[in-house]
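Spelled out, the chains give:
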Amino acid sequence: MTFRKTEQFASFIKLAGDISATRILELGTIDSAFLSEFLRHANWSSSISLHCVDTGSETFDSELMKAAASNDAVEFNLVKHIGSETEVNDAVLMAAKEELFDMVLVSGASSQPSLLTACMVCNEIVRTGGTVAIAEAIMESGSMAEAVQSFSDIFEDSFDECQPGIYTKK
């Protein structure tokens, strides 16, 4: 599953601006595509902290630096979480103890249980009024449908689905 510029991405960016998001996490980072596009479009704050999963790519940092250079109005702080899915989940839970996240995009997961776990972590780390989005590629994947539905069912009292795959925490 790879990131695609879609209506969902445009909505995510608009919501980020609407809530003046300054602390954003991409869980399940596969490549630099989402973060690079995000860097190019962020314009609502002078400083934004971006958290992601380390992809192990040799070009990841340079691609992000190039995207950040195209947006000199914002200072970006990139934090990469390294390790297994469990280690990354633990790390973002610890990071959220310092300050909750404004927004999270779940862009990848290795299995239905890992997707559901990522969504459960999102419930713990996103502030009230914040946003959790599940990437369209995941939403469209038949193999992940049950985990997405489970998230919706389990957390229907905690989140409003403002559009398919984008949830605002109550």
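Before reading on, note that the structure itself is shown above.
Note that the coordinates shown come from a computational prediction; the quantities given were computed from them, not determined experimentally. Starting afresh in each chain, residues are numbered from 1 along the sequence in its written order. Residue-level local features of this predicted model are given only where pLDDT is at least 70; pairs of side-chain atoms are given and counted only at 80 or more, and the full residue set underlies all totals for whole chains, interfaces and linings. Computation of side-chain values covers all heavy atoms of the structure but excludes hydrogens and water.

### Here's the deal with the sheet that holds strand β2 (residues 47–53)
- Spatially, seven strands are ordered β3-β2-β1-β4-β5-β7-β6 in an open sheet, and the strand pairing comes out mixed. The open sheet terminates on both sides in strands that have one partner only, identified here as β3 (75–81) and β6 (159–163). For this sheet, the mean angle separating the axes of adjacent strands, direction not counted, is 20°.
- At least two bridges found by DSSP between two strands is the condition for calling them paired. Runs of E in the DSSP output that reach at least two residues are strands. Runs of H or I that reach at least four are helices, and both are numbered from the N terminus. Sheet topology places strand β1 (residues 23–27) next to β2; four bridges connect them, and they run parallel. When the bridges of β2 are listed, I24 appears paired with L50. Comment: axis = line fitted to C-alpha atoms, over the contacting stretch for helices; angle = value between 0 and 180 degrees taken between N-to-C directions.

### Looking at the environment of S49
- With respect to the element layout, S49 can be found in strand β2.
- Sequence-wise, S49 and D31 are 18 residues apart; in three dimensions their C-alpha atoms are separated by 18 Å.
- Contacts of S49, omitting those with residues within four sequence positions, involve T22, R23, I24 and N77. The contact rule is simple, with two residues in contact once any of their heavy atoms fall within 4.5 Å.

### A few points about the side chain of S152
- Mapped onto the elements, S152 comes out in helix α7 (residues 145–154).
- Residues adjacent in sequence count toward polar contacts only when both atoms are side-chain atoms; beyond that, a polar contact is any pair of N or O atoms within 3.5 Å, and within protein one must be able to donate a hydrogen and the other to accept it. A distance of 3.1 Å separates polar atoms of two side chains, one belonging to S152 and the other to Y167.

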